Amino acid sequence: MAERGRPRGFDRDEALRRAMEAFWEHGYEGTSIGDLCAVMAIRPPSLYAAFGCKEALFREAVALYEGMEGEPQLHALRDAPTAREGIEAMLRANVRSYTAPGRPTGCMIVLAATTYTPSTAGIRDFLAEERRSATAAVRERLARGQAEGDVPPGADTGALAAYVMSVQYGLSLQARDGAGRAELDTVVDCLVAGWDALLPPAA
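Basis of the calculations
Here, residues in each chain are numbered from 1, in the same order as that chain's written sequence. Whole-chain, interface and lining totals are the exception, using all residues; otherwise, since this is a predicted model, local features are given only for residues with pLDDT of at least 70 and side-chain atom pairs are given and counted only at 80 or more. To obtain the side-chain values, all non-hydrogen atoms of the structure were included, while hydrogens and water were left out. Side-chain rings of Phe, Tyr and Trp, where Trp is taken by its six-membered ring, are said to pair if the distance between their centres is within 6.5 Å; with planes under 30 degrees apart they count as stacked, over 60 as edge-to-face, and otherwise as tilted. Secondary structure is summarised from DSSP: a helix means a run of H or I of at least four residues, a strand means a run of E of at least two, and numbering begins at the N terminus for each. When accessible area is computed with a 1.4 Å probe and restricted to protein chains, residues below 20% of their type maximum are described as buried, those above 50% as exposed, and intermediate ones as partly exposed. A ring is scored as having a charge over it whenever the NZ atom of a lysine or the CZ atom of an arginine sits within 6 Å of its centre and within 35 degrees of its normal. pLDDT gives the predictor's per-residue confidence on a scale running from 0 to 100. We call two residues contacting when some pair of their heavy atoms lies within 4.5 Å. UniProt positions are given in the numbering used here, feature names are shortened, and annotations may be inferred rather than shown by experiment. Helix axes are fitted only over the stretch in contact, all axes being lines through C-alpha atoms; the angle between N-to-C directions runs from 0 to 180 degrees. For this classification, under 35 degrees means roughly parallel, over 145 means roughly antiparallel, 65 to 115 means roughly perpendicular, and everything else is oblique. In the scheme used here, Gly and all other residues not listed as nonpolar or charged are polar, with Ala, Val, Leu, Ile, Met, Phe, Trp, Tyr, Cys and Pro taken as nonpolar and Asp, Glu, Lys and Arg as charged. Salt bridge, as applied in this entry: a Lys or Arg side-chain nitrogen positioned within 4 Å of an Asp or Glu carboxyl oxygen.

Per an unreviewed UniProt entry, the protein carries the name TetR family transcriptional regulator and comes from Pseudonocardia kunmingensis.

As C-alpha cells, then:
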C-alpha cells in the first residue's frame with residue numbers, strides 16, 4: 001500500500017488558533033504570511049499545504065472566532081425571556097469578550113478589515129456579510145418579541161437592529177482604544193435605560 005505522505009509536524013488546531021489571534025490583533029491586511037508563519041511556528045509550504053492560502057486560512061480563522069466568541073452571544077440574545085433582555089445580555093457578553101485579558105481586544109469581525117485594497121475586496125465583502133448576519137439575528141429576536149408581545153407591533157425592527165449593532169461596533173472600537181469593562185458597561189446601561197423611548201407606544 002502506498003504511503004499517504006509524511007505526517008503533519010504541527011498541531012493544526014493550535015496553529016489555526018494562533019492565526020486567528022494574529023488576524024484579530026492586526027487585521028487581514030496587517031498580517032503577512034511571514035507573520036502568520038512566525039506565530040504558527042511553521043514554514044510557508046506547511047501553511048499552504050494545510051490551509052491552501054492566506055484568504056482560506058482567514059476564513060477558517062473567522063469560523064473559529066465565531067464558534068468561540070459569536071455563538072455564546074447569540075445564545076444570550078435568543079435565550080432571554082424578552083427582546084430587551086436578550087439584547088442587553090448579548091451586549092454585556094460582548095463587553096466581557098472584548099475586554100478579556102490575555103488576548104486581542106474588540107471584535108475580530110468588526111476590526112479585521114477596516115482597510116482593504118481591490119485585491120482584498122472579497123475579504124471586505126465576506127466580513128460585511130458576517131455583520132449583516134449578526135444584524136439579522138437581532139432583527140429576528142425583535143420580531144419574535146413582537147410576536148410574544150414585549151415589542152410593540154409598530155416598532156421598526158430593522159432600524160432598531162441597526163441601532164443595536166451600531167452600539168456593538170462602537171463598543172468594539174472603544175475596547176480596542178483601551179476602554180475597560182466598567183466603562184463599556186455604562187454604554188450598555190444607557191441603551192437599556194433608553195429602551196422604552198426607542199419603541200412606539202403600545203396600541
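As a further point, take the packing of aromatic side chains. The tally for this structure, following the rule as stated, stands at five aromatic pairs. Ring geometry for Phe23 and Phe58: centres 4.9 Å apart, planes at 85°, overall edge-to-face. Taken together, the residues Phe23 in helix α1 (residues 12-26) and Phe58 in helix α4 (residues 54-79) connect sequence positions 35 residues apart. Here the aromatic rings of Trp24 and Tyr65 are separated by 5.0 Å at their centres, their planes lie at 80°, and the arrangement is edge-to-face. Highlighted residues: Trp24 in helix α1 and Tyr65 in helix α4, separated in sequence by 41 residues. This pair shows no difference in class: Trp24 is buried, exactly as Tyr65 is. Here the basic side chain of Lys54 rests over the ring of Tyr28, its NZ or CZ set 4.3 Å away from the ring centre. In this structure, Arg59 packs its charged tip against the face of Phe126, placed 4.4 Å from the ring centre.

Summing up the model confidence of the protein, the mean pLDDT is 92 and the portion of residues at 70 or higher is 94%. Confidence drops under pLDDT 50 across residues 1-7; counting only partners more than four residues distant or on other chains, this segment forms zero contacts.

Per the UniProt annotation, the sites labelled "domain: HTH tetR-type" (unreviewed entry) are residues 16-61. Across residues 16-61, the secondary structure splits into 76% helix and 0% strand, with the terminal C-alpha atoms separated by 6 Å.

Before going further, it helps to examine the packing of α1 against α4. Across the interface, α1 lies against α4 with an axial gap of 9 Å and an inter-helix angle of 90°. Considering their axes alone, α1 and α4 lie roughly perpendicular with respect to each other. Contacts between α1 and α4 pair Arg12, Leu16, Arg17, Ala19, Met20, Phe23 and Trp24 from the former with Lys54, Leu57, Phe58, Glu60, Ala61, Leu64, Tyr65, Met68 and Glu69 from the latter. When grouped by side-chain class, the residues that make up the contact of α1 with α4 number eleven nonpolar, no polar and five charged.

Next up on the list: the environment of Glu148. For Glu148, the position within the fold is in helix α7 (residues 121-148). By relative accessible area, which is 46% here, Glu148 ends up partly exposed. Considered as a pair, Glu148 and Thr82 are 66 residues apart in the sequence and their alpha carbons are 8.3 Å apart.

Our focus in this paragraph is the environment of Cys53. Relative to the elements of secondary structure, Cys53 occurs in the loop between α3 (44-51) and α4. Take Cys53: its relative accessible area is 35%, and that puts it in the partly exposed class. In this structure the C-alpha to C-alpha distance between Cys53 and Ile33, which are 20 residues apart in sequence, comes to 9.2 Å.

This next bit is on the pattern of salt bridges. Counting across every chain of the model gives 14 salt bridges. One salt bridge in this structure joins Glu14 and Arg17, with 2.4 Å as the shortest N-O distance. In this pair, Glu14 and Arg17 are both assigned in helix α1, three residues apart and thus about one turn of the helix distant. A relative accessible area of 26% means that Glu14 is categorised as partly exposed. Classification of Arg17 as partly exposed rests on a relative accessible area of 28%. One salt bridge in this structure joins Arg181 and Asp185, with 3.7 Å as the shortest N-O distance. Of this pair, Arg181 and Asp185 are both found in helix α9 (residues 181-193), four residues apart, which corresponds to roughly one turn of the helix.

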